[in-house]
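Coordinates in review
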Amino acid sequence: MAKRNVLHFTGIGSAFNASFGNTNAYFIDGTTLFMFDCGESVYARMLKLLQSKRIRRVIIIITHLHSDHIGSLGTILSFCSHVVPKPVDIFYPTRAIERFLKCIGISGDKYTHHLSVPEDWNLSITPYRVVHSDMIACFGYEVSFKGASFYYSGDAHDIPDPVLKKFLDNKIDLLFHEATIDTAAAGHCSYTTLERKIPVSERKRVYCMHLGSEKLAALLIKKGFQIPKIEVP
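Being a predicted model, the structure only gives us computed values, none of them experimental.

A few words now on helix H3 (residues 73-82). All buried positions along H3 are accounted for by Leu73, Gly74, Ile76, Leu77, Phe79 and Cys80. Elements in contact with the buried residues of H3: strand S3 (32-36), helix H1 (42-51), strand S4 (57-61), helix H2 (67-70), strand S5 (88-91) and helix H4 (96-103).

The next thing to look at is the packing of H1 against H3. Contact pair H1 / H3: the axes reach a minimum separation of 11 Å and the direction vectors enclose 20°. For the element pair H1 / H3, the angle class is roughly parallel. Once H1 is placed against H3, the crossing between them reads as right-handed. From H1, Tyr43, Leu47, Leu50 and Gln51 reach across to H3, where they touch Thr75, Ile76, Phe79 and Cys80.

Another aspect to go through is the packing of aromatic side chains. According to the stated counting rule, one finds 14 aromatic pairs in the structure shown. Seen from their ring centres, Phe34 and Trp121 are 6.4 Å apart, and the 80° between their planes marks the pair as edge-to-face. Placement of the pair is Phe34 in strand S3 and Trp121 in the loop between strand S6 (112-114) and strand S7 (124-129), with a sequence separation of 87 residues. The same class applies to Phe34 as to Trp121, namely buried. The rings of Phe9, Phe36, Phe150, Tyr152, Phe176 and Tyr207 are connected pair by pair, giving a single aromatic cluster. In this arrangement the basic side chain of Arg205 is found over the ring face of Phe167, its NZ or CZ atom lying 3.9 Å from the centre.

Analysis parameters
Residues numbered from 1 in each chain as written. Predicted model: local features only at pLDDT ≥ 70, side-chain atom pairs only at ≥ 80, totals over all residues. Heavy atoms only, no water. Buried < 20%, exposed > 50% of the residue type's maximum accessible area, 1.4 Å probe, protein only. Helix = DSSP H or I, 4+ residues; strand = E, 2+ residues; numbered from the N terminus. Contact = heavy atoms within 4.5 Å. Axes fitted to C-alpha atoms, helices over the stretch in contact; angles between N-to-C directions. Parallel < 35°, antiparallel > 145°, perpendicular 65-115°, else oblique. Left-handed = near helix turned anticlockwise from the far one by under 90°. Phe/Tyr/Trp six-rings, centres within 6.5 Å; stacked < 30°, edge-to-face > 60°. Lys NZ or Arg CZ within 6 Å of the ring centre and 35° of its normal.

Read these as spatial facts, not as claims about activity.
Quick look at the structure:
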């Protein structure tokens, strides 16, 4: 049975792949917009949804604090405060996000920061600390939402062992995982790691993101992995 994919992607690129846009995913639950990360290109690509009267609340789930993942955050918070007033919640498991926002002049009254998931979000998130940078805390997230379950890696050198086991045991439906063509990358996941750990029969449930080139996308497709379609609202 095909697994339900609730995520839409406005971009699937790595930090320097401008043509693919910064990797960002979103889904809508009623009048709430959920976003995963918001790099430099994301504000422009999400603008119509942010302006929409249908959207009354924005929830942004942050994987880590590199600019290709939070470069639009200050702009989105200011926009939702001054232009189209609507509340914005941020989920990130450390208070470093508050210090960052203070440094760029965003006051605490423009957002609510959560270290854990409130019950009224109607989903569960399990954070996994992942290896990417030794300077900042980086997380991947196991998410369960209305019968769908997935893991969203952010930037990560590898798949956490508990996540991989759950995925192979069909307790996680889909993996959204970064991939790089660089087999020696210390902070990113080489396509060879995914190839080694994910059986061919299960690769149709793995969506590769944070891609550096068309060449890598073609290689991953050839090996049986999925590439998310870029959908700008």
